[in-house]
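# Fold and contact review
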Amino acid sequence: MTLSSFFQHGARASLILVFFAFPMSVALANVGLLFTLIFWLLGCVWGSSLRDARQALSNRVAPPALALFAWVVVAALWSPADGGQIAGAVQKYSKFLMLPIFIGLLHDAATRRRCWQGFALAMLITLVVTWLNVWFDFSWTRTHNQGFGRDHTVFKDYIAQGIMMSFFSCICAYLALKSRTRWGTIAWGSASALAAISILFLSSGRTGYLAWFLSIFVFGLLVTMARSRTALVTTVSGALIVLAVAGGTSLALQERMTQAWNEVASTSGEVTSVGSRMAMIGFSLEQAQERPLLGHGTAAYPVLAKTHFVDPDWCSVVCVHPHNQFAFFLVEQGLIGLTLFAWFLLAIARQGWREEARRRALMLAFLTILVVSNMTHSSFWLSTENHFFILMTALLMAAARHREKS
């Protein structure tokens, strides 16, 4: 094995580790990312890493990702935040800069396959432990409340687990349709159903409920659109039936929806999940009106929020980030930053629409989860969700480029 080949294999093996690690451990995933970058940089000197990254720039998602990161850096010039806060924010968005590197490494079909397998294995472990946690208590899980209909978050917070499990459910549905054997179809279909039940009945994450329902609906709709009108009607009817059954039988879903309604109607002034989100959105829109085009600058939101939300209890929740990535970019990077983010999303959508029916369904289901998550959370600012959306974007888009070139 040549030195160039060694560095290339090292970078790809490290990236595979990242895909396996990030659903369970951010620390291990960051170690994997560090080794990925070290091997990649060494490959730039003694190999073809730089050439692969340059080729990745032709991928339709690379230009908006790089432009968005560049604008985040430029917007730091007029930020009221201090150097440490700005550096922290730039570091959080740095995976946009690394996206072409990931795509370049994922041009290799074997690496893509192993990354899919790594992520799937991590989610299978999460799914199995989630179900076991109904009856058995594990000291290392996030929750310790046995019983069906309760929250059984395993490694992450319930929002992160919900959105990742939603996509895993779609992946299993995709593999069930793609399987050439009856038993394969049954196995993957069962895994998809168990993942869905874990979201609806064994989690308290409302983002997960919405992400799963909309993503699996989009997936089913796009698959059946390519078949017949009868199949399309069946899909829509089935989705409504599933929604009705889940709403009528899932105590966790009922409690969380009732809680959301009560929080909207509440006038007590207490800090609540929905109430704080409404306050953050209102504040963000007010601040955006002051500097609509350029924004207040990278890392500006916490500085501005602390001058507005003077109650310590409220500020501990709402002064960190606005729980909405669209609002986050609008406040800090202005309409320019929000437009670049929309370009990034549009690039995924355009590529997804060019795919064959089943893969189109998978890519646009992923995009649905991305939009839902970023409407209720600052997903590209939070570590696990940032890993998930950037790495999965690279994995999906790298395969699309490979087929176009072949």
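Quick look at the structure, then. (Residues numbered from 1 in each chain as written. Predicted model: local features only at pLDDT ≥ 70, side-chain atom pairs only at ≥ 80, totals over all residues. Heavy atoms only, no water.)

## With respect to the packing of helix 13 (residues 273–290) against helix 14 (residues 300–308)
Applicable threshold: Here an angle of 0 to 180 degrees is reported between the N-to-C directions of two axes, which are lines fitted to C-alpha atoms, with helices fitted over the stretch in contact. Runs of E in the DSSP output that reach at least two residues are strands. Runs of H or I that reach at least four are helices, and both are numbered from the N terminus. To sort the angles, those under 35 degrees are grouped as roughly parallel, those over 145 as roughly antiparallel, those from 65 to 115 as roughly perpendicular, and the leftovers as oblique. Residue contacts are defined here by distance: any two heavy atoms, one from each residue, within 4.5 Å place the two residues in contact. When residues are sorted by character, Ala, Val, Leu, Ile, Met, Phe, Trp, Tyr, Cys and Pro go into the nonpolar class, Asp, Glu, Lys and Arg into the charged class, and all the rest, Gly among them, into the polar class.
Two elements in contact, helix 13 and helix 14, have axes separated by 11 Å at closest approach and are oriented at 110 degrees. It follows that helix 13 is roughly perpendicular to helix 14 by the angle criterion. Contacts from M280, F283, S284, E286 and Q287 in helix 13 reach Y301, L304, A305 and H308 in helix 14. Per-class residue counts for the contact of helix 13 with helix 14 are 5 nonpolar, 3 polar and 1 charged.

## Regarding the pattern of salt bridges
Our working rule: Any carboxyl oxygen of Asp or Glu within 4 Å of a side-chain nitrogen of Lys or Arg constitutes a salt bridge here. Per-residue accessibility, obtained with a 1.4 Å probe over protein chains only, is compared with the maximum for each type, and a residue is labelled buried under 20%, exposed over 50%, and partly exposed between these values.
Counted according to the given criterion, the structure contains 1 salt bridge. Residues R359 and E355 are paired through a salt bridge, measuring 3.6 Å at the closest nitrogen-oxygen approach. Of the residues examined, R359 reaches a relative accessible area of 9% and is grouped as buried.

## Focus: the environment of F155
Structurally, F155 is set in the loop between helix 7 (109–132) and helix 8 (158–178). Once the C-alpha coordinates of F155 and V129 are considered, the two residues, 26 residues apart in sequence, prove to be 9.7 Å apart. Once residues lying within four places of it in the same chain are set aside, the contact partners of F155 are P23, M24, I125, T126, W140, R142 and Q161.

## Things to note about a nonpolar patch on the surface
In plain terms, the rule: Like-charged residues are merged into a patch within 9 Å and nonpolar side chains (Val, Leu, Ile, Met, Phe, Trp, Tyr) within 5 Å, provided each residue has over 30% relative accessible area and no salt bridge. Under the convention used here, a 1.4 Å probe and the Shrake-Rupley method define accessible areas, while residue burial counts only the protein chains that appear.
A surface patch of nonpolar side chains, about 480 Å² in accessible area, is lined by L17, L28, V31, L34, F35 and I38. Tallying contributions element by element places helix 2 (residues 26–46) first for the nonpolar patch, with 5 residues. Tracing the sequence through the fold places L28 in helix 2.

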